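Chain by chain, the residues run as shown.
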Amino acid sequence: MYQAVRGTQDILPDDAPYWRHLENTIHDLCARYGYRRLEPPLFEETSLFVRGVGEGTDIVEKEMYSFTDRGGRELTLRPEFTAGVMRAYIEHGMHTWPQPVKVYSIGPAFRYEAPQAGRYRQFHQVNVEAIGEQDPAVDLEIMSVAWDLYETLGSQGLSFQLNSTGCPACKPVYIRHLVAYYEQHLDDICPDCRRRLQRNPLRVLDCKVESCQPIIEAAPHMRQYLCAECAEHFATLLGYLDLLGRPYTLNHRLVRGLDYYTKTVFEVWAGEGLGSQNAVCGGGRYDGLIEELGGPPTPGIGFAAGLERIILTMKAQGIAIPQLPAPQVLVAHRGAAAKARAVVLASELRAAGIATLLAFGQRSLKAQMREADRAGVRFTLILGGDELAAGEVTVRDMSAAEQQRVAPAEIAGWLKRRL
Ligand code: AMP
């Protein structure tokens, strides 16, 4: 028996209304803010992610699905979208477009992580980016798109977690102080943190190990070391958030896993439904990334939200979603000649825009009525010997249990007036 590969899952039809509602909400929301769709490919050169996401990150060190293709290329299934979108920005000369370039993508991403509730090896993200503008109002806009997404979907108890990770002028100063502080506590920290201090010191702030928590709590904060420009940027952003009345918590531990972040980093936390995984969305500014990837110096900011986690939250919070439209008409038949007519009629109705089911096989009319009941259609059209002889169709209104005859040429119009 084959099974879906560990960490992957089928999206079954019962969940389709959630996905459709979520995707529609994303398209509408992005359009409202003036973001246009850009879909990078599912795989890119491995080195793009190594440089873009950063050596020493969990993603690059242990989570990438990398392979050599038959032409000898080193490729990786995208573990995130930003590197691919930046590659596209550079490749298509988007720095010559009006700035900022505002784009979004939706689709699967792949990470070799330990699967658990809300954590998969294939998962879906919506990724939103504003590239080419450093105004803190853009930070606010990106955070607002993320916020509105959850609010529009009806999520409860939302809050922002917010921090600034500085810039190439001030971040290294902070890292030196952080490392110096940690060096006084080498005996008390976990082996992972000792390794992080060498490879990616900011990540010590992310550590979940119990014995490291008091050390993290007492560690110096990045915000104490921000340069004047970064401090002003951050203060302006906080001022905007206050104006809009958006709740936020300053979180000095929030550094996020990826190397490329500068200045603003944030997460949206949802109140309920995901236990320890309550970050439903994360993002930040990456002013050095495009240059790092070989493009002109260009600021940018974006976020990614996990769609599976949004759907888990919607279910946990009992958020109502619109049902998908289902066929309202079933064509039933008795006898071979009537079935031939039924095949044509069903085809004509669909061409007229009416979602229609055709009964298969040659079952009794009673069995076909049961099928119509199960499918929940409003009308069953019946074609039998009598109808063929009279050149008519019997229409049965399933809720009223009434029937009447209608001419085939008029049936589409008749149904449309009633559906
Ligand atoms: P990141 O790119 O790690 O900042 O992730 C952004 C968002 O994607 C997270 O807040 C999650 O909602 C979602 N996400 C990340 N990794 C996974 C995963 N392995 N499975 C499901 N969702 C994920």
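Residues numbered from 1 in each chain as written. Predicted model: local features only at pLDDT ≥ 70, side-chain atom pairs only at ≥ 80, totals over all residues. Heavy atoms only, no water.

S.K.: So what exactly am I meant to see when it comes to the environment of Ala372 here?
M.R.: For Ala372, the position within the fold is in helix α13 (residues 365–375). According to the relative accessible area criterion, Ala372 is buried, its value standing at 0%. When the C-alpha positions of Ala372 and Leu357 are compared, they lie 8.7 Å apart, and in sequence the two are 15 residues distant. Apart from the residues within four sequence positions on either side, Ala372 is in contact with Leu330, Val377, Thr380 and Met398. (Helix = DSSP H or I, 4+ residues; strand = E, 2+ residues; numbered from the N terminus. Buried < 20%, exposed > 50% of the residue type's maximum accessible area, 1.4 Å probe, protein only. Contact = heavy atoms within 4.5 Å.)

S.K.: Would you explain the state of the cysteines in this entry?
M.R.: The term disulfide refers to a covalent linkage connecting the sulfur atoms of a pair of cysteines. Taken as a whole and assessed by the stated rule, the structure comprises 0 disulfides. Between Cys207, a free cysteine, and Cys193, which holds the nearest cysteine sulfur, the sulfur-to-sulfur gap is 3.6 Å. Cysteine Cys227 shares no disulfide, and the gap to the nearest cysteine sulfur, in Cys230, comes to 3.6 Å. (Disulfide = S-S within 2.5 Å.)

S.K.: When you look at the sheet that holds strand β3 (residues 65–68) in this model, what are you seeing that I'm missing?
M.R.: Strands pair in a sheet through their backbones, by hydrogen bonds, and they do so in one of two ways: parallel or antiparallel. Taken in spatial order, the 3 strands line up as β2-β4-β3 in an open sheet, and their pairing is antiparallel. Since the sheet does not close on itself, it has two edges, and those belong to β2 (43–45) and β3, each with one partner. With strand direction ignored, the average angle separating the axes of adjacent strands in the sheet is 35 degrees. Packed onto the sheet, helix α2 (residues 46–53) meets β2, β3 and β4 (74–77) and runs at close to 80 degrees relative to β2. (Pairing = 2+ DSSP bridges. Axes fitted to C-alpha atoms, helices over the stretch in contact; angles between N-to-C directions.)

S.K.: Looking at this model, I keep getting lost on the side chain of Arg285. Mind explaining?
M.R.: Mapped onto the elements of the fold, Arg285 is located in strand β10 (residues 279–285). Side-chain polar atoms of Arg285 contact the backbone oxygen of Glu133, separated by 3.3 Å. (Polar contact = N/O pair within 3.5 Å; in protein donor to acceptor, adjacent residues only side chain to side chain.)

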